[in-house]
Amino acid sequence: QSKLLPSNAVYLSGPLPSRKHRERALGLAKRVGCRTVAVWINEPFEIAVERNSRRSGLARIKVEAMRHVYENLEPPTLEEGFHEVVEFSTARSEA
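Report on the accompanying structure. (Residues numbered from 1 in each chain as written. Predicted model: local features only at pLDDT ≥ 70, side-chain atom pairs only at ≥ 80, totals over all residues. Heavy atoms only, no water.)

Evaluated as defined, the whole model comprises 4 salt bridges. Two residues, Arg-22 and Glu-80, come together in a salt bridge whose shortest N-O distance is 2.9 Å. Of this pair, Arg-22 sits in helix α1 (residues 19–32) while Glu-80 sits in the loop between α3 (63–71) and β2 (84–88); the two residues are 58 residues apart in sequence, bridging distant segments of the chain. Measuring nitrogen to oxygen at the nearest pair gives 3.7 Å for the salt bridge that ties Arg-51 to Glu-43. In this structure Arg-51 comes out as partly exposed when scored by relative accessible area, which is 35%. On the accessibility criterion, Glu-43 (11% relative accessible area) is buried. (Salt bridge = Lys/Arg side-chain N within 4 Å of Asp/Glu carboxyl O. Helix = DSSP H or I, 4+ residues; strand = E, 2+ residues; numbered from the N terminus. Buried < 20%, exposed > 50% of the residue type's maximum accessible area, 1.4 Å probe, protein only.)

The next thing to look at is the packing of helix α2 (residues 45–53) against α3. Put simply, α2 and α3 touch, their axes get as near as 11 Å, and they point 150 degrees apart. Looking at the two axes, α2 sits roughly antiparallel to α3. The chirality of how α2 crosses α3 is right-handed. Residues Phe-45, Ala-48, Val-49 and Asn-52 of α2 form the contact with α3, whose participating residues are Val-63, Met-66, Arg-67 and Tyr-70. The residue makeup of the contact of α2 with α3, split by class, is 6 nonpolar, 1 polar and 1 charged. (Axes fitted to C-alpha atoms, helices over the stretch in contact; angles between N-to-C directions. Parallel < 35°, antiparallel > 145°, perpendicular 65-115°, else oblique. Left-handed = near helix turned anticlockwise from the far one by under 90°. Contact = heavy atoms within 4.5 Å. Nonpolar A, V, L, I, M, F, W, Y, C, P; charged D, E, K, R; others polar.)

Residues Ala-38 and Trp-40 point to one face of strand β1 (residues 37–41) and are all buried, whereas Val-37, Val-39 and Ile-41, pointing to the other face, are not buried. The sheet contact formed by β1 and β2 spans 5 bridges and is parallel. What sits directly across from Trp-40, in β2, is Glu-87. (Pairing = 2+ DSSP bridges.)

For the rest of this paragraph, the subject is the environment of Arg-19. Mapping Arg-19 onto the fold places it in helix α1. Ignoring anything within four residues of it in the chain, the contact list for Arg-19 reads Glu-74, Thr-77, Glu-79 and Glu-80.

Bringing the environment of Tyr-70 into the picture now. In this structure, Tyr-70 sits in helix α3. On the accessibility criterion, Tyr-70 (40% relative accessible area) is partly exposed. Sequence-wise, Tyr-70 and Pro-44 are 26 residues apart; in three dimensions their C-alpha atoms are separated by 9.3 Å. The contact partners of Tyr-70, leaving out residues within four places of it in the chain, are Glu-43, Pro-44 and Phe-45.

What follows is the structure, encoded as structure tokens:
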């Protein structure tokens, strides 16, 4: 068990692009007293498409689906109920 990943945590993985999509999970976490941390992979759409093109089989996502999620993206915020927002971006680290 990793010390970075507590055993009593709940992890959600998947496209939750907007506040509306995250609202229910944040509400449940608050109700049971869980700390909430958003991990936001903030990459330009072109980089995401290029990385996706290297995937195969079920791991590859249709570009139309990626575009839909990207167009509806609202970055996670503390104001919506997260205790912490951690942002990763290779574009920013290369600048």
